[in-house]
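Examining the three-dimensional arrangement
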Amino acid sequence: KRNAPLFGKKALVTAGPTYEAIDPVRFIGNHSSGKMGFAVADELANLGAEVTLVAGPSYQKAQSQLQRIDVTSAEEMFNACSKVFTVADITVMCAAVADYKPKIVATQKIKKQDANFNIELEKTIDILATLGQRKNKSQILVGFALETNDEAHYAKSKLQKKNLDLIVLNSLNDEGAGFKSDTNKITIFNKAFESTTFEVKNKTEVAKDICNAILKLLK
Ligand code: C5P
């Protein structure tokens with residue numbers, strides 16, 4: 001283990017969706033499976049890093065030895081990440097965090113009524129952007145961008161706005177990419193906006209490509 005490339009490094013990875021409660025039985029969520037994040041966490045651990053995986057609701061199981069913290073909401077994910085980030089050398093945020101949450105969470109199950117029903121939503125905290133503000137020079141921060149149009153433009157703008165070292169773009173337009181799929185097709189941008197586009201691959205292989213890009217930054 002001592003000669004592993006990431007021996008002695010601490011890594012933080014987020015994975016899965018977040019669920020934002022409406023009432024005790026309902027929530028707002030998304031279709032993220034967590035597969036990409038778990039694959040990245042496993043690969044970082046295989047490379048010798050001490051990994052903490054902060055996971056939203058997901059059926060995935062980690063293959064490697066890592067510390068897993070299960071969370072439900074964006075706020076819980078933020079609180080868990082906040083602590084771990086202070087000691088993390090490498091952070092990869094793969095989670096599909098909900099952008100909005102109900103402003104008021106009903107304490108009792110909301111009853112069905114004849115009229116239409118509106119839920120007022122407020123923004124959740126942008127975990128990645130907040131950590132980007134706190135980042136020091138020795139920390140590496142990697143984000144994801146899932147786009148449907150003007151993909152490269154939005155990816156580069158997020159890289160800058162959130163103060164990232166790398167951003168991994170996956171386009172929903174690509175065959176074999178996306179949320180529930182076992183495969184993904186990515187383009188990685190660095191700070192200089194240099195990009196590398198990879199073929200459609202198994203998410204385990206995609207995780208290796210992402211980790212290689214991180215290893216390059218560490219050199
Ligand atoms: O801005 P957008 O949601 O497209 O950015 C995606 C990236 O930001 C992903 O890496 C995701 O994990 C992260 N993110 C976050 N907290 C949010 C929203 C997104 O950490 N509230």
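The paragraphs below set out a description of the structure included in this document.

Thresholds, definitions, all that
Residues numbered from 1 in each chain as written. Predicted model: local features only at pLDDT ≥ 70, side-chain atom pairs only at ≥ 80, totals over all residues. Near = placed C-beta within 6 Å. Helix = DSSP H or I, 4+ residues; strand = E, 2+ residues; numbered from the N terminus. Nonpolar A, V, L, I, M, F, W, Y, C, P; charged D, E, K, R; others polar. Buried ≥ 20, exposed ≤ 12 C-beta atoms within 10 Å, placed from the backbone. Arc of directions from axis to C-beta. Contact = placed C-beta atoms within 7 Å. Expected span 1.5 Å × (residues − 1). Core = buried A, V, L, I, M, F, W, Y, C linked by C-beta atoms within 7 Å. Axes fitted to C-alpha atoms, helices over the stretch in contact; angles between N-to-C directions. Parallel < 35°, antiparallel > 145°, perpendicular 65-115°, else oblique. Left-handed = near helix turned anticlockwise from the far one by under 90°.

1. Section: the site of the ligand
Inspection of the region around the ligand gives 13 residues, with Met-93, Val-97, Ile-127, Leu-128 and Gly-143 positioned closest. Elements with a contribution of two residues or more to the shell around the ligand: helix H3 (127-134) and strand S9 (140-147). At three residues, the largest contribution of residues to the shell around the ligand is made by S9. Class assignment for the residues of the shell around the ligand results in eight nonpolar, three polar and two charged.

2. Regarding H3
For H3, the set of buried residues is Ile-127, Leu-128, Leu-131 and Gly-132. Burial along H3 is one-sided: seen end-on, the buried residues are contained in an arc of 135 degrees. Looking at the packing, one finds that the buried side of H3 touches helix H2 (74-85), strand S6 (90-93) and S9.

3. Details of helix H1 (residues 35-46)
For H1, with twelve residues, the first-to-last C-alpha span of 16 Å sits near the 16 Å given by 1.5 Å per residue. Every buried residue of H1 is accounted for by Lys-35, Met-36, Gly-37, Phe-38, Ala-39, Val-40, Ala-41, Asp-42, Glu-43, Leu-44 and Ala-45.

4. A look at the nonpolar core
Core analysis: the biggest nonpolar cluster contains 57 residues, and Val-13, Val-40, Leu-44, Met-77 and Cys-81 have the highest contact counts within it. When residues no more than four places from it in sequence are discounted, the contact partners of Leu-44 are Leu-6, Ala-11, Val-13, Ala-49, Val-51, Ile-90 and Cys-211.

5. Quick word on the packing of H2 against H3
When two helices pack together, their arrangement is given by the angle between their axes and by how far apart the axes lie. With their axes 10 Å apart at the nearest point, H2 and H3 run at an angle of 25 degrees to one another. The orientation of H2 with respect to H3, classified from their angle, is roughly parallel. The two elements H2 and H3 cross, and the hand of that crossing is right-handed. Between H2 and H3, the residues in contact are Met-77, Phe-78, Cys-81 and Phe-85 and Ile-127, Leu-131 and Arg-134, respectively. Partitioning the contact of H2 with H3 into residue classes produces six nonpolar, no polar and one charged.

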